[in-house]
Amino acid sequence: RLLSEGAAAALDCALSRPEYTQPEERAVAFVDAGHAATQVCIASIKQGQLRMLAHADAADAGGEALDELLLRHFAAEIEARHGVDALAGARSAERLRAACEGLRRVLSANRDAS
């Protein structure tokens, strides 16, 4: 049987990370925000055993849509904190868009980002 990318990531995590071999059960979410689609898997891991609880694909909520959501969010944050419209100028809008795309890529590949 073939696994989705999210299920494969969950399986790898359950087998390779020492914190998931503990006796207490943990619920873990795996999100893959690719360029064209987003996949989410929710798994339960206990003592290295994996149980998939849910899996969903959103073909219309891919990386570009997430980039746009991040762009709008951070533009609103900049406006609220500094009173500056980051989307007013072409250069600042492009720099913010590139930063949001980079953030999505980092978040897709890692646990967290700063």
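Below or above, wherever it landed, is the structure these notes cover. Since this is a predicted model, take the numbers as computed values, not measurements.

**A short note on a nonpolar patch on the surface**
On the surface, L3, L11 and L15 cluster together to form a nonpolar patch covering roughly 300 Å² of accessible area. Locating L11 in the fold gives a position in helix α1 (residues 5-16). L11 gets classed as partly exposed once you look at its relative accessible area, which sits at 33%.

**A closer look at the environment of E24**
You can see E24 is positioned in the loop between α1 and β1 (26-33). Between the C-alpha atom of E24 and that of A8, which follows or precedes it by 16 residues, the distance is 22 Å. Sequence-distant contacts of E24, that is, excluding residues within four places in its chain, are made with I45 and K46.

**Concerning helix α3 (residues 90-109)**
Between its first and last C-alpha atoms α3 spans 29 Å; for 20 residues at 1.5 Å apiece the expected length is 28 Å, and the two agree. All of the buried residues along α3 are A93, L96, C100 and R104. Down the axis, α3 shows its buried residues gathered within 80° of arc, on one side only. Along α3, exposed side chains directed more than 90 degrees from the buried face belong to R91, R95, R105 and A109.

**A word on the nonpolar core**
Grouped together as the largest cluster of nonpolar side chains are 7 residues: A10, C13, V28, F30, C41, A43 and I45. Within the residue set of this core, elements represented by two or more residues are α1, β1 and β2 (38-46). Top element by residues in this core is β2. It accounts for 3 residues. In this structure, L71, A75, A86 and L96 belong to the second largest nonpolar core, which totals 6 residues.

**Here we look at the sheet that holds β2**
What the 3 strands build is an open sheet, ordered β1-β2-β3; its pairing is antiparallel. The open sheet has two edge strands with one neighbour each: β1 and β3 (49-58). Across this sheet, the average inter-strand angle for adjacent strands is 15°, counted without regard to direction.

**Side note on the environment of C100**
Structurally, C100 can be placed in helix α3. Judged by relative accessible area, which is 2%, C100 ranks as buried.

Basis of the calculations
- Residues numbered from 1 in each chain as written.
- Predicted model: local features only at pLDDT ≥ 70, side-chain atom pairs only at ≥ 80, totals over all residues.
- Heavy atoms only, no water.
- Patch = residues over 30% accessible without salt bridge, like charges linked within 9 Å, V, L, I, M, F, W, Y side chains within 5 Å.
- Areas by Shrake-Rupley, 256 points an atom, 1.4 Å probe, with all protein chains shown as cover.
- Salt bridge = Lys/Arg side-chain N within 4 Å of Asp/Glu carboxyl O.
- Helix = DSSP H or I, 4+ residues; strand = E, 2+ residues; numbered from the N terminus.
- Buried < 20%, exposed > 50% of the residue type's maximum accessible area, 1.4 Å probe, protein only.
- Contact = heavy atoms within 4.5 Å.
- Expected span 1.5 Å × (residues − 1).
- Arc of directions from axis to C-beta.
- Core = buried A, V, L, I, M, F, W, Y, C linked by side-chain atoms within 4.5 Å.
- Pairing = 2+ DSSP bridges.
- Axes fitted to C-alpha atoms, helices over the stretch in contact; angles between N-to-C directions.

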